[in-house]
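Working through the structure, step by step
If you want the building blocks of each chain, they are given just below.
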Amino acid sequence: MTYQTQQIHQDISGNTNGKNAIVAKDLSIYYGDFLAVKKVSLEIQKQKITAIIGPSGCGKSTMLRAFNRMNELVPTAHATGEVIFYGINIYDQNIDPVEVRRHIGMVFQKPNPFPKTIYENIAWGAQINGFKGSKSEMDNLVEEALVGAALWEEVKDKLDQSGLSLSGGQQQRLCIARTIAIKPAIILMDEPASALDPLATLKIEELMKELAKNYTIIVVTHNMQQAARVSDYTAFFTMGDDRAGFLMEFGETNQIFTNPKQKVTEDYITGRFG
Amino acid sequence: MSAINPRETLDRSLKEILDEILVMGSMVEEAVKASVNSLKARDLDASRKIYLGDQEVNKKHFELENRCITLIATQQPMAKDLRLLASILEVITELERIGDYAKGIARINVLMGTEPLVKPLIDIPRMADKAINMLHRALGSFVAGDVESAREIPKEDDEVDYLYNQVYRELVTYMMDDTSTIDRANYLLWAAHNLERMADRVTNICERTIYMVTGEMLEFDHTDDELDMFERNL
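The shown structure was predicted, so the numbers you read here are calculated from the model rather than taken from an experiment. (Residues numbered from 1 in each chain as written. Chains lettered and ligands numbered in written order. Predicted model: local features only at pLDDT ≥ 70, side-chain atom pairs only at ≥ 80, totals over all residues.)

Remarks on the overall build of chain A
Here is the rule: In this description a helix means any DSSP run of H or I spanning at least four residues, a strand means any run of E spanning at least two, and both kinds are numbered starting from the N terminus. With the radius of gyration taken over C-alpha atoms, the globule rule is written as 2.2 Å times the number of residues to the power 0.38. A residue is called partly exposed when the number of other C-beta atoms within 10 Å of its own lies between 12 and 20, exposed at 12 or fewer, and buried at 20 or more, with C-beta atoms placed from the backbone.
Regarding its fold elements, chain A presents 11 helices and 10 strands. For chain A, the C-alpha radius of gyration of 19 Å lies close to 19 Å, the compact-globule estimate for 274 residues. Taking the principal axes of its C-alpha atoms as reference, chain A extends roughly 55 × 45 × 35 Å. By the burial criterion, 45% of the 274 residues in chain A qualify as buried.

Overview of the overall build of chain B
In plain terms, the rule: Throughout, a pair of residues is in contact if the C-beta atoms placed from their backbones lie within 7 Å.
Counting its regular elements, chain B contains eight helices and zero strands. For chain B, the sequential pattern of α-helices and β-strands runs α-α-α-α-α-α-α-α. For chain B, the spread of C-alpha atoms along the three principal axes comes to 75 × 45 × 25 Å. Evaluated residue by residue, chain B yields a buried proportion of 39% over its 234 residues. Sequence-distant contacts, at least 24 apart, represent 82% of the contacts inside chain B between residues at least 6 apart.

What about the pairing of strand 4 (residues 77-85) of chain A?
All names here are of chain A. So the rule is basically this: One requirement defines pairing of two strands: DSSP has to find at least two bridges between them.
Bridge analysis of strand 1 (residues 20-31) against strand 4 gives eight bridges, and the strand direction is antiparallel. Bridge assignment links Y31 to a residue of strand 4, and that residue is A77. Pairing of strand 4 with strand 5 (residues 88-89) involves two bridges; the strand directions are antiparallel. Pairing of I84 across the sheet is with N89, part of strand 5. Hairpin connection, strand 4 to strand 5: the antiparallel pair is bridged by two residues, and Y86 has positive phi, about 50°.

With respect to the environment of F220 of chain B
Residue and element names in this part refer to chain B. Residue placement: F220 occurs in the loop between helix 7 (182-214) and helix 8 (224-233). Classification of F220 as partly exposed rests on a count of 17 C-beta atoms within 10 Å. Along the sequence, F220 and V36 sit 184 residues apart, while their C-alpha atoms lie 28 Å from each other. With residues up to four places along the chain from it excluded, the contact list for F220 reads P154, T203 and E207.

Here's the deal with the nonpolar core
What counts, and what does not: By definition, a nonpolar core groups buried Ala, Val, Leu, Ile, Met, Phe, Trp, Tyr and Cys residues that connect through C-beta atoms lying within 7 Å of each other.
Grouped together as the largest cluster of nonpolar side chains are 144 residues, with contacts concentrated most on A177 and I186 of chain A together with V32, I124, A131, L195 and V202 of chain B. The residues contacting I186 of chain A, other than those within four sequence positions of it, are A21, I22, F67, I104, Y215, T216 and I218 of chain A.

Digging into the interface of chain A and chain B
As a reminder of what qualifies: Each residue gets one of three labels, nonpolar for Ala, Val, Leu, Ile, Met, Phe, Trp, Tyr, Cys and Pro, charged for Asp, Glu, Lys and Arg, and polar for the others, Gly among them.
Each partner contributes to the interface: chain A provides 11 residues, whereas chain B provides 10 residues. Of all the elements in the fold, those that place two or more residues in the side of chain A that touches chain B are helix 9 (224-230), helix 10 (253-258) and helix 11 (263-269) of chain A. For the side of chain A that touches chain B, the class distribution of residues is four nonpolar, five polar and two charged.

Describing unusual backbone geometry
Residue and element names in this part refer to chain A. Look at Q47: it is not a glycine, yet its phi comes out positive at around 50°. For Q47, the location among the structural elements is in the loop between strand 2 (34-45) and strand 3 (49-53). You can call Q47 partly exposed: it has 16 C-beta atoms within 10 Å.

Quick word on helix 8 (residues 198-211) of chain A
Residues and elements named next belong to chain A. Counted only if it meets this: Expected helix span is computed as 1.5 Å times (number of residues minus one). Throughout, the arc means that of the directions going from the helix axis to the C-beta atoms.
Over its 14 residues, helix 8 runs 20 Å from end to end, which matches the ideal 20 Å to within 8%, given 1.5 Å per residue. Restricting attention to buried positions, one finds in helix 8 the residues I204, E205, L207, M208 and L211. Projection of helix 8 onto a plane perpendicular to its axis shows the buried side chains occupying an angular sector of 160°, all on one side. Looking at helix 8, the residues exposed on the side facing more than 90 degrees away from the buried face are P198 and L199. Those residues of helix 8 that are buried lie in contact with strand 3, helix 7 (168-181), strand 7 (186-190), strand 8 (216-220) and helix 9.

Some points on the confidence of the model for chain A
Heads up, the rule is: Think of pLDDT as the predictor's per-residue confidence, scored from 0 to 100.
Mean pLDDT over chain A: 92, with 93% of residues reaching 70 or higher. Segment residues 1-6 of chain A is flagged for pLDDT under 50; beyond a separation of four residues in sequence, or across chains, it makes 11 contacts in the model.

Topic: the packing of helix 4 (residues 123-144) of chain B against helix 6 (residues 157-177) of chain B
Two quantities define a packed helix pair, namely the angle between the helix axes and the distance between the axes. Residue and element names in this part refer to chain B. For clarity, the threshold we go by: Every axis corresponds to a line fitted to the C-alpha atoms, with the helix fit spanning only the stretch in contact, and the corresponding angles, defined between N-to-C directions, vary from 0 to 180 degrees. Relative orientations are named as follows: roughly parallel for angles under 35 degrees, roughly antiparallel for angles over 145 degrees, roughly perpendicular for angles from 65 to 115 degrees, and oblique for any other angle. Should the near helix be turned anticlockwise from the far one by less than a right angle, the crossing is termed left-handed; should it be turned clockwise, right-handed.
Across the interface, helix 4 lies against helix 6 with an axial gap of 10 Å and an inter-helix angle of 165°. Between helix 4 and helix 6, the crossing angle belongs to the class labelled roughly antiparallel. Both helix 4 and helix 6 take part in a crossing whose hand is left-handed. The segment helix 4 lies against helix 6, with D123, I124, R126, M127, K130 and A131 engaging E159, V160, L163, Y164, Q166 and V167.

What to know about helix 7 of chain B
With 33 residues, helix 7 of chain B should cover 48 Å at 1.5 Å per step; its first-to-last C-alpha distance of 48 Å lies within 8% of that length. G215 of chain B sits one or two residues past helix 7 of chain B and shows a positive phi near 80°.

A word on the packing of helix 3 (residues 79-112) of chain B against helix 7 of chain B
All names here are of chain B. Axis separation between helix 3 and helix 7 bottoms out at 9 Å; the angle between their running directions is 170°. Viewed along their axes, helix 3 and helix 7 adopt a mutual orientation that is roughly antiparallel. Considered class by class, the residues forming the contact of helix 3 with helix 7 number 15 nonpolar, four polar and eight charged.

Description of the pairing of strand 7 of chain A
Residue and element names in this part refer to chain A. To be explicit about the condition: Handedness of a crossover is defined as follows: with both strands directed away from the viewer, a clockwise route from the first strand across the helix to the second makes it right-handed.
Counting buried positions along strand 7 yields five of five residues, so the element is predominantly enclosed. Here strand 6 (residues 104-107) pairs with strand 7 via four bridges, running parallel. By the bridge assignment for strand 7, V107 is matched with M189. Across five bridges, strand 7 lies against strand 8 in parallel orientation. Across the sheet, residue M189 finds its bridge partner in strand 8, namely V219. The parallel pair strand 7 and strand 8 is bridged by helix 8, and the resulting crossover is right-handed.

Focus on the environment of L139 of chain B
Residues and elements named next belong to chain B. With respect to the helices and strands, the residue L139 is situated in helix 4. The sequence separation of L139 and L22 amounts to 117 residues, and the corresponding C-alpha distance is 6.7 Å. Residue contacts for L139: discarding those within four places in its chain leaves I21, L22, G25 and I205.

Topic: the confidence of the model for chain B
Residue and element names in this part refer to chain B. Scored by pLDDT, chain B comes out at a mean of 93, with 94% of its residues at no less than 70. Within chain B, helix 8 has the poorest average pLDDT of any element, 63, and helix 4 the best, 98. Scored by ipTM, the complex comes to 0.74, with pTM at 0.84.

Below, the structure written as structure tokens:
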């Protein structure tokens, strides 16, 4: 199976970018004149899980969406600074944001499978990204993606059923399968389990750890225990009096949750914030 | 309505547990003091009571351990709260072991039966006084999160070690002079050893205070004398 070669894909295959999958440098994000996120510099390591935590309104989701230019779906959104992905600044004028999103996929808080069959949910994404293989190759792709999302055993006998017929947790895993079917380098997850029951949540967390063997994951979560359970690194964002979010502290998750360096971080994770 | 403390339950529970640590500390301080006094006075009845009283110390240990585990499960403490709970679990174990030392001294008194002490007790009560005083202050430091005091108290362990070495040399001399004193001298040596170990455990409590406040795990260095021992024996 081959994908149509695009500029980013070519650059990725030739550039290992060291230990980092993606790096933000002095990144500021605006909605119109409103500064939502202020001068963030952040290095995300490859095949690790990085959690972004912080109080409501501090720009966590805005920061996450900046990694694949999803903020630009808001007409007034714009950014300054750089986001370097395999040696390319994805905010360069000649970079197509749609192409960026093929390599940096996203899973959202509310599961949003297409109103199609389970099979088509996976196949459709591959097809519009230039899949040119045979039917049996597509079958293999679908199975591989569903296996990778730990959903195959539960749906293998009903691939022609609607994706919407699945439970919430299964739908979210279907969305993950859909994302990994096009083999992104990075998966962004915006509170992927917050709409799910506790058991489904734990399954998603275990899946994330499994996925991290092959993908880089950045996850926004309000659930600190979840961040502590799943992530290797944690970035704590907060906001100043100007309501602009900024990165207060970044470090290994063990250290952030047992002995943070900043008092504000300590106050937040011990639940004494504000 | 006044402002809500979002960790009211956790904070209140932690304070209650810390108060109970002081209670448990008092129990073992009293037990050590009483065990040495009863040894000095050869009061076997008192020693029996101390021996049986250790069950209350053990009960307190389990009760506090249970409360800590429940808090960890239900409150998901992080950072300093988590270090505090982890340290409390260590400290109550140290106190339980010190309680065992008191029980051990009481047992020694009973084992000696009606035989007289091989010599009047002078340094052993001094060791006990010193170790009890260290423990009392160490627990105060732990509850208050007083790192300065926690760094100072372990230095006093050297005094206890010095007294122990003195007791050891003296009792060995007795044993060499008169082999019929070996059993009784050994009993006193065990009693002194228990008190020496008690002071070591107080040092551990101080280490936990520093860890709880700063996140730094450290062990207080051995004295130069102890390190010289390796040089001499190689």
